[in-house]
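# Chains, contacts and geometry: an overview
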Amino acid sequence: FITRLREQYADLETRALDMESRVGKGHAAARQLRKRLTDTSAAIASEQKRLAGSYTSEYELAKARFEQLNSAVVAGLGVDSANSRVAAQVRELESAAQTLRTLYNSMLQRVNDENRFDRQLVIVPDARVLTHATVPTRVDSTKKRLLALGGSSGLGILLGTALLLGRNNPIGVFRTPAQVNTALGLTTVVVPAVGLRRFGSISPNAFALEAPYSRFAEAFRMIWAQLRSDRTDPVKVVCIVSALPGEGKTVVALNLASQVARPAGIRTLLIDADFHRQTMTRAIAPGATVGLREVLEQPERFQDCIVSNKQTGVDVLPCPLSAELPNAAQLLGSQSMAEVFKRARAAYDLVIVEAPPAAAVADVRMLAPQCDAFVVVVEWAVTSQRVVLETFSEISGLQERTACVVLNKVDPSALRSIEDYKGKQYNAYFA
């Protein structure tokens, strides 16, 4: 029993040392182990005390028995040695004394061993805790590769799905002519974006003239064909308009005019009617000092304010302003503006007017009565369908007089995907 207590004490001592090295002596678990050590030590001491008492009793009994036998031996030695019975008794007593002496020595050795164990230090096992186990913070390399593979595959699927939805299942914007036709019931002309990497330093404002065999130039021939088709009265005043700024109506107006004026020999006038931005004026007549504002004040100065562009063969009525006008809409709807259109109709075969964005200001509503037809520019995959539909619903007669909708700045790679049903020969037809 005492051996088991000693083993338990040694195990508790090892556990207590390990616990204190990890959490400190003040921790509840360390104090609990030290209490169990104290209880085990007390149990060992109690057991030793009990064994010592037992050994003392046995020792006293053995000592008394030895003295008794020794007295008997001494008494027996005084009797006649010839007495055989006495000699036999002596031998028996000597044998018993030897047995008791052996027992005494054995018990004495055990007592010494007990005392020696108490004086020994607790033996710490050879094993040492170098670092304590912790929750892993990094995954195994194999698991990491599997996770990376799975994550990249999932991300690739999501991106592919998003690309597919973006190109073929658009939400909220126009991406295909079929969508425009479904929403508005109007013919759509697709104008691809002009890439400077492919076409060098050619200005987008005259690209249709400089690259006559391109898909870009052909789009403006399509617009001109739509303006002339199915009409009893010839179209003389065309308004180029967009719902929002930045959709490319200036580029459309300039390229349409250049495509009609020189190749077709049609006298063409461009009017910059955007009092707010004057983008056309900066693009084709940056040096002009007089223009539409002055003509509205003095209609007889109409011819004096015209600027001719030798490159395109187009005349321009610019709109140079040093400050924005607060009454721009009223000027465009005035009797003076009607007089400007009357003079323009008399002097030119085609008048192309660039108007301010319809959803931003009221100017187009004031110009609308003077226009024969409209070309509505919608930026591909950018302009909200809702904005375009609101523009058509808010301007009286716009949808009925719109010759076509220009889906502008279409990405060429996306265009090939959209028109894939037409076959490879269709895209190969253009330069």
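Each chain carries its own residue numbering, running from 1 in the written order of its sequence. Since the coordinates come from a predicted model, pLDDT governs what is reported: local features require at least 70, and pairs of side-chain atoms require 80 or more to be given and counted, while whole-chain, interface and lining totals use all residues. To get the side-chain values, all heavy atoms of the structure are used, and hydrogens and water are removed first.

Pairing of aromatic rings covers Phe, Tyr and Trp, the last through its six-membered ring, and needs centres within 6.5 Å; plane angles under 30 degrees mean stacked, over 60 mean edge-to-face, and all others mean tilted. According to the stated counting rule, one finds 2 aromatic pairs in the structure shown. A centroid spacing of 5.2 Å and a plane angle of 85° characterise the contact between Phe-207 and Phe-216, whose relative ring orientation is edge-to-face. You'll find Phe-207 and Phe-216 in the same group, each marked buried. What links up through ring pairs into an aromatic cluster is the set Phe-207, Phe-216 and Phe-220. When the NZ atom of lysine or the CZ atom of arginine is within 6 Å of a ring's centre and also within 35 degrees of its normal, the charge is said to sit over that ring. The positively charged end of Arg-175 is found above the aromatic ring belonging to Trp-380, 5.4 Å away from the centroid. Think of it in three bands: residues with accessible area under 20% of the maximum for their type are buried, residues over 50% are exposed, and the middle band is partly exposed, with areas taken using a 1.4 Å probe on protein chains only.

Counting 51 residues, the largest nonpolar core has Leu-269, Phe-275, Leu-292, Phe-302 and Leu-317 as its most contacted members. Put simply, DSSP H or I for four residues or longer makes a helix, DSSP E for two residues or longer makes a strand, and each gets a number counted from the N terminus. When residues of this core are assigned to their parent elements, the largest contribution, 4 residues, is made by helix H13 (residues 335–347). We call two residues in contact when some of their heavy atoms are within 4.5 Å. The contact partners of Leu-269, leaving out residues within four places of it in the chain, are Phe-302, Ile-306, Asp-315, Val-316, Leu-317, Ala-344, Tyr-348, Leu-350, Val-351 and Ile-352. Only buried residues count toward a nonpolar core, which is a set of Ala, Val, Leu, Ile, Met, Phe, Trp, Tyr and Cys residues joined through side-chain atoms within 4.5 Å. Grouped together as the second largest cluster of nonpolar side chains are 38 residues, Leu-227, Leu-254, Leu-256 and Ala-257 included.

Now for the environment of Ala-360. Among the structural elements, Ala-360 can be located in the loop between strand E6 (350–354) and helix H14 (363–367). Judged by its relative accessible area of 55%, Ala-360 falls in the exposed class. Put simply, Ala-360 and Ala-243 are 117 residues apart on the chain and 7.4 Å apart in space, counted from C-alpha to C-alpha.

Our focus in this paragraph is the environment of Val-237. With respect to the element layout, Val-237 can be found in strand E2 (residues 237–242). For Val-237, a relative accessible area of 0% gives the class buried. Between the C-alpha atoms of Val-237 and Leu-269, which are 32 residues apart in sequence, the distance is 9.4 Å. When neighbours within four sequence positions are excluded, Val-237 is seen to be in contact with Phe-341, Arg-345, Val-351, Val-353, Gln-370, Cys-371, Asp-372 and Ala-373.

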